[in-house]
Amino acid sequence: MDFFESLPFPVTTLIVAGISVLTVWLLARNTPGWGPWVEALLAPFAIAYAIYWAPVWINHRTNIAEYSAWEPIAVGVWGLFGVAGSLVCVYFLKRRRANVSKNV
């Protein structure tokens, strides 16, 4: 996790957004109805939260106050970028599913 912490914020934002899109794609492929849209809204924030707090959980660091102070910014930005990418992913999955069902 020290490597991840040393990366610039825009790079970590893209990494978390990519993980979010991949996760939502895996979850939403076979989920019917509104499920994929809900997953696209919730999963990126859960992923951002877990990745943000992982160094504290793994290394048992004592600077929890510093992590708590930056949490709304990091988790918020990471989550919003993840949601944006995930919503685009779900849109294309739904569109593809509609096209495939038309052609069958």
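Asker: Looking at this structure, how should I read the packing of aromatic side chains?
Answerer: Two descriptors summarise a pair of aromatic rings, namely the distance from one centre to the other and the angle between the planes of the rings. Enumeration over the complete set of coordinates arrives at eight aromatic pairs. Their ring planes at 20° and their centres at 6.1 Å tell us that Phe-9 and Trp-78 sit as a pair that is stacked. On the criterion of sequence distance, the pair formed by Phe-9 in helix H2 (residues 9–28) and Trp-78 in helix H4 (residues 64–103) is long-range, its members being 69 residues apart. Site record: aromatic cluster; members linked through ring pairs are Phe-9, Tyr-49, Tyr-52, Trp-53, Trp-57, Tyr-67 and Trp-78.

Asker: Hey, could you run me through the layout of surface pockets in this one?
Answerer: Any space left empty among the atoms is revealed by the rolling of a water-sized probe across them. There is about 390 Å³ of room inside the largest pocket. Together, 17 residues line the largest pocket, and Glu-5, Tyr-52, Tyr-67, Ala-74 and Trp-78 are the ones closest to its centre. Looking at the lining of the largest pocket, the elements with two or more residues in it are helix H1 (2–6), H2, helix H3 (35–59) and H4. Of the residues forming the lining of the largest pocket, the biggest block, six residues, is contributed by H4.

Asker: Would you take a moment to explain the side chain of Thr-31 for this structure?
Answerer: Locating Thr-31 in the fold gives a position in the loop between H2 and H3. Residues in contact with Thr-31, not counting those within four places in the same chain, are Pro-36, Glu-39 and Arg-97.

Asker: I would appreciate a short explanation of the confidence of the model for the protein in the present structure.
Answerer: Reading predicted coordinates in detail is not appropriate for stretches of low pLDDT. Overall, the prediction assigns the protein a mean pLDDT of 90, with 95% of residues at 70 or greater. In the model of the protein, H1 stands out as the element of lowest mean pLDDT, 79, in contrast to H2, which has the highest, 95.

Asker: What am I meant to see in H3 here?
Answerer: Turn by turn, an α-helix covers 3.6 residues, leaving residues three or four places apart pointing in a common direction. Across its 25 residues, H3 extends 35 Å between first and last C-alpha, which sits within 8% of the 36 Å expected from 1.5 Å per residue. If you look at H3, its biggest bend is around 45°, right at Trp-53, and the proline Pro-55 turns up within four residues after that. Within two residues after H3, His-60 carries a phi angle of roughly 50°, on the positive side.

Asker: What's the story with the environment of Ser-20 in this structure? I'm lost.
Answerer: Structurally, the position occupied by Ser-20 is in helix H2. Of the residues examined, Ser-20 reaches a relative accessible area of 0% and is grouped as buried. Expressed as a C-alpha distance, the spacing of Ser-20 and Ser-86, which sit 66 residues apart in the sequence, is 6.6 Å. The contacts of Ser-20, once residues within four sequence positions are left out, are Pro-44, Ile-47, Gly-82 and Ser-86.

Asker: Whenever I open this one, the nonpolar core confuses me. Can you help?
Answerer: Judged by nonpolar contacts, Phe-4, Val-16, Ile-47, Ala-48, Ile-51, Tyr-52, Trp-53, Val-56, Tyr-67, Ala-74, Val-75 and Trp-78 together constitute the single largest core of 12 residues. Elements that contribute at least two residues to this core include exactly H3 and H4. Ranked by residues supplied to this core, first place goes to H3 with six residues. If we ignore the near neighbours within four places in the chain, the residues touching Tyr-52 are Glu-66, Tyr-67, Trp-70, Glu-71, Ala-74, Val-75 and Trp-78. Of all hydrophobic cores here, the second largest spans seven residues; its members include Ala-28, Ala-40, Ala-43 and Leu-93.

Parameters at a glance
Residues numbered from 1 in each chain as written. Predicted model: local features only at pLDDT ≥ 70, side-chain atom pairs only at ≥ 80, totals over all residues. Heavy atoms only, no water. Phe/Tyr/Trp six-rings, centres within 6.5 Å; stacked < 30°, edge-to-face > 60°. Helix = DSSP H or I, 4+ residues; strand = E, 2+ residues; numbered from the N terminus. 1 Å grid on protein atoms, 1.4 Å probe; cavity = no way out; pocket = protein on both sides within 12 Å on 5 of 7 lines; lining within 4 Å. Points joined across faces, edges and corners; volume = space filled by probe spheres on them. Contact = heavy atoms within 4.5 Å. pLDDT = per-residue confidence, 0-100. Expected span 1.5 Å × (residues − 1). Bend = angle between axes of the 7 residues up to and from the residue. Buried < 20%, exposed > 50% of the residue type's maximum accessible area, 1.4 Å probe, protein only. Core = buried A, V, L, I, M, F, W, Y, C linked by side-chain atoms within 4.5 Å.

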